[in-house]
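The residues making up each chain are set out below.
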Amino acid sequence: MGMPAYAHAGYSACGIQGCRRTLVLLRLKSVILKCNQQYKEVMFVRKNLCVMIVIAAVIAAGCLSACGHGNTKPSADGGEGEIEIVATIFPEYDWVMNIIGENPADVRVTMLLDSGVDLHSYQPTANDILMISTCDLFIYVGGESDEWADAALDGAVNKDMAVISLLDVLGDAVREEELAEGMQGHDHGDEKDEDHGGDEHEHEHEDDDEHGGTEYDEHVWLSLRNAAASVEIISEAIQKIDPDNRDIYKANSSAYIEKLNALDAMYRSAVDGAAFNTLLFGDRFPFRYLTDDYGLDYYAAFAGCSAETEADFETIAFLSKKLDELSLPAVIALEGGDHRIAETIVQNTKSKNQRILVLDSMQSVAAKDVTNGATYLSIAEKNLSVLKDALN
């Protein structure tokens, strides 16, 4: 019986079969990536189409001129005066509340995402569009997750409203979304070890988004330094809207910025005195700005805005190996999840005794949490305590 032709060429049947399987897997991966991209495109169009339909419906019903305040969702705090400020997320809302202080002008402040849903999943209602359309100051992140706001602003009734996009006003402080070594979707192949922190590491950015631009990391509020810069800009906008109370707002914002700077110094001191300099996330990674601020290295299962919920074998194996190599004492998870990925990473280490610690990205803070006393500073202080545990 003759030898197969490929055997003469130095290949085995198993080798050929392995190559074929590899090619099939690569093609399958390519198909999945294309499907994911097409899904993102469909969802983007769908969300913005819904916003435009809502705007048209509101205008057609005459709501914009007749509804007044009666149907707006309740603010977690604020007044019933003529000045209206709408903030999309909790950090923006809390910054405003600290700027207005005792609220001498009885400013009405609304936090749109007040039910605990995060920015990436939020769908605006007709009432939300109405509030944005008529407010005096609208504050939003300005990233891919809230591009629906652009359509809402195009249909706004109050053409004199002030608009603050955090990504715009923070300028060069904004970072591109990063797909770092070890993250789902990154090539786990023959790569030498890399550091992921500060400005010292080289990193691979995700492909340009479906709209032809760069995809930026939206979680700018997780930097205390960005928070201080944002508060200054928001304060200036409020001072222009209500010049009669300019001095009060200026004093309030200055005092609040001092608190932010003091906490920033505490973070700096904690990192400088830590035994470790690396954080490992068994979850999404929205803390890019925090790690950049203090020169921390990091590894994570997913990028910050990833919609992934299941980590593949390669990602788990990579992160478990890193835990062992670096002898890290903990795996970080985010608030609100079931922490299954973090638990699986720990179970695949040699010692299986690393702690699972939770950092709060402030993406799920609801109105009830604000009522119960949650503030931007209180959450950042708790995160500092967690950070100390993770690095020692």
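Residues numbered from 1 in each chain as written. Predicted model: local features only at pLDDT ≥ 70, side-chain atom pairs only at ≥ 80, totals over all residues. Heavy atoms only, no water.

Engineer: Would you mind showing me how to read the overall build of the chain here?
Structural biologist: From N to C terminus, the chain includes 14 helices and eight strands. For the chain, the proportion of its 392 residues judged to be buried stands at 48%. Across the chain, every contact between residues at least 6 apart in sequence was considered, and the portion connecting residues at least 24 apart equals 76%. Of the accessible surface of the chain, which amounts to about 19,000 Å², a share of 52% is contributed by carbon and sulfur atoms. (Helix = DSSP H or I, 4+ residues; strand = E, 2+ residues; numbered from the N terminus. Buried < 20%, exposed > 50% of the residue type's maximum accessible area, 1.4 Å probe, protein only. Contact = heavy atoms within 4.5 Å. Areas by Shrake-Rupley, 256 points an atom, 1.4 Å probe, with all protein chains shown as cover.)

Engineer: It is not clear to me how the packing of aromatic side chains should be interpreted in this structure. Could you clarify?
Structural biologist: Between two aromatic rings, the relevant description is the distance of the centres plus the angle of the planes. Scanning all chains against the criterion turns up seven aromatic pairs. A centroid spacing of 5.5 Å and a plane angle of 70 degrees characterise the contact between Trp 95 and Tyr 376, whose relative ring orientation is edge-to-face. Highlighted residues: Trp 95 in helix H4 (residues 90-100) and Tyr 376 in helix H14 (residues 376-390), separated in sequence by 281 residues. When the centroid spacing of 5.5 Å and the interplanar angle of 15 degrees are considered together, the rings of Tyr 267 and Tyr 294 count as stacked. (Phe/Tyr/Trp six-rings, centres within 6.5 Å; stacked < 30°, edge-to-face > 60°.)

Engineer: Got a minute to help me understand the side chain of Glu 92 in this structure?
Structural biologist: Mapped onto the secondary structure, Glu 92 falls in helix H4. Look at Glu 92 and you get buried, because its relative accessible area is 0%. Of note is the side chain of Glu 92, whose polar atom sits 3.1 Å from the backbone nitrogen of Ile 89. Polar contacts involving the side chain of Glu 92 include one to the main-chain amide nitrogen of Val 141, which spans 3.4 Å. Not counting chain neighbours up to four residues away, the residues in contact with Glu 92 comprise Ala 87, Ile 139, Tyr 140, Val 141 and Leu 166. (Polar contact = N/O pair within 3.5 Å; in protein donor to acceptor, adjacent residues only side chain to side chain.)

Engineer: Honestly, empty space enclosed by the protein in this entry has me stumped. Any pointers?
Structural biologist: Over the atoms rolls a probe the size of a water molecule, and its path tells where empty space is left. Here the structure, examined in full by the defined rule, presents three cavities of 30 Å³ or more. Approximately 80 Å³ is the volume found for the largest cavity. Around the largest cavity, the lining is made up of 13 residues, and of these Leu 222, Leu 224, Tyr 267, Leu 290 and Ala 380 lie nearest the centre. Residue assignment for the lining of the largest cavity shows that the elements contributing at least two residues are helix H10 (288-294) and H14. Taken together, the residues of the lining of the largest cavity sort by class into ten nonpolar, two polar and one charged. (1 Å grid on protein atoms, 1.4 Å probe; cavity = no way out; pocket = protein on both sides within 12 Å on 5 of 7 lines; lining within 4 Å. Points joined across faces, edges and corners; volume = space filled by probe spheres on them. Nonpolar A, V, L, I, M, F, W, Y, C, P; charged D, E, K, R; others polar.)

Engineer: Would you mind showing me how to read the environment of Asp 283 here?
Structural biologist: In this structure, Asp 283 sits in strand S5 (residues 278-285). Take Asp 283: its relative accessible area is 16%, and that puts it in the buried class. Residues Asp 283 and Glu 310, spaced 27 residues apart in sequence, show a C-alpha to C-alpha distance of 9.5 Å. A polar atom in the side chain of Asp 283 sits 3.0 Å from the backbone nitrogen of Leu 334.

Engineer: I'm lost on the side chain of Asp 94 in this one. Help?
Structural biologist: As for its position among the elements, Asp 94 is in helix H4. Buried within the structure, Asp 94 lacks any salt-bridge partner; its nearest side chain of opposite charge belongs to Lys 259, at an N-O separation of 9.7 Å. Setting aside its immediate chain neighbours within four residues, Asp 94 contacts Tyr 256, Thr 375, Tyr 376 and Leu 377. (Lys, Arg positive; Asp, Glu negative; His and termini not counted. Salt bridge = Lys/Arg side-chain N within 4 Å of Asp/Glu carboxyl O.)

Engineer: I'm lost on the packing of H4 against helix H8 (residues 224-241) in this one. Help?
Structural biologist: Between two packed helices, the angle of one axis relative to the other and the distance separating the axes together describe the packing. Here H4 crosses H8 at 55 degrees, and the two axes come no closer than 10 Å. The angle between H4 and H8 falls in the class oblique. Where H4 crosses over H8, the two elements pack in a sense that is right-handed. Each of Trp 95, Val 96, Ile 99 and Ile 100 in H4 lies in contact with H8, whose residues at this interface are Ala 227, Ser 230, Val 231, Ile 234, Ser 235 and Ile 238. (Axes fitted to C-alpha atoms, helices over the stretch in contact; angles between N-to-C directions. Parallel < 35°, antiparallel > 145°, perpendicular 65-115°, else oblique. Left-handed = near helix turned anticlockwise from the far one by under 90°.)

Engineer: I would appreciate a short explanation of helix H9 (residues 246-272) in the present structure.
Structural biologist: Helical geometry: 3.6 residues make up each α-helical turn, so side chains three or four residues apart lie on a common side. Under the 1.5 Å per step criterion, the end-to-end length of H9 is 39 Å for 27 residues, consistent within 8% with the ideal 39 Å. Buried residues of H9: Tyr 249, Ser 253, Tyr 256, Ile 257, Leu 260, Leu 263, Asp 264, Tyr 267, Ala 270 and Val 271, and no others. Each element contacted by the buried residues of H9 is listed here: H4, H8, H10 and H14. (Expected span 1.5 Å × (residues − 1).)

Engineer: Just checking my understanding: could you explain the environment of Leu 112 for this structure?
Structural biologist: Along the chain, the position of Leu 112 falls in the loop between strand S2 (108-111) and helix H5 (126-134). Under the relative-accessibility criterion, Leu 112 is labelled buried at 1%.

Engineer: Mind showing me how you'd approach the packing of H4 against H14 here?
Structural biologist: Their axes nearest at 9 Å, the elements H4 and H14 cross at an angle of 125 degrees. Judged by the inter-axis angle, H4 sits oblique to H14. Along its contact with H4, which presents Phe 90, Pro 91, Asp 94 and Trp 95, the element H14 presents Tyr 376, Leu 377 and Ile 379. A breakdown of the residues in the contact of H4 with H14 according to their chemical character gives six nonpolar, no polar and one charged.

Engineer: Would you take a moment to explain the sheet that holds strand S4 (residues 162-165) for this structure?
Structural biologist: Across a sheet, strands are paired by hydrogen bonds formed along the backbone, either parallel or antiparallel in direction. Taken in spatial order, the four strands line up as S2-S1-S3-S4 in an open sheet, and their pairing is parallel. Of all strands in the sheet, those bounded by a partner on one side alone are S2 and S4. Neighbour to neighbour, the strand axes of the sheet diverge by 10 degrees on average, direction disregarded. In this sheet, S4 lies alongside strand S3 (residues 137-140) in parallel orientation, the contact comprising four bridges. Of the residues in S4, the one forming a bridge with Phe 138 is Val 163. (Pairing = 2+ DSSP bridges.)

Engineer: What exactly am I supposed to notice about the pattern of salt bridges here?
Structural biologist: Applying the stated criterion across every chain yields a total of nine salt bridges. Across the salt bridge formed by Lys 321 and Glu 325, the nearest N and O atoms sit 3.9 Å from each other. Placement of both Lys 321 and Glu 325 in helix H11 (residues 313-326) is noted, with a separation of four residues, approximately one turn of the helix. Among the residues examined, Glu 325 registers a relative accessible area of 41% and is labelled partly exposed. Ionic pairing is found between Lys 368 and Asp 369, a salt bridge with its closest N-O pair at 3.5 Å. Here Asp 369 falls in the partly exposed class, since its relative accessible area comes to 24%. Where salt bridges share partners, they join Arg 175, Glu 178, Arg 288 and Asp 292 into one cluster.

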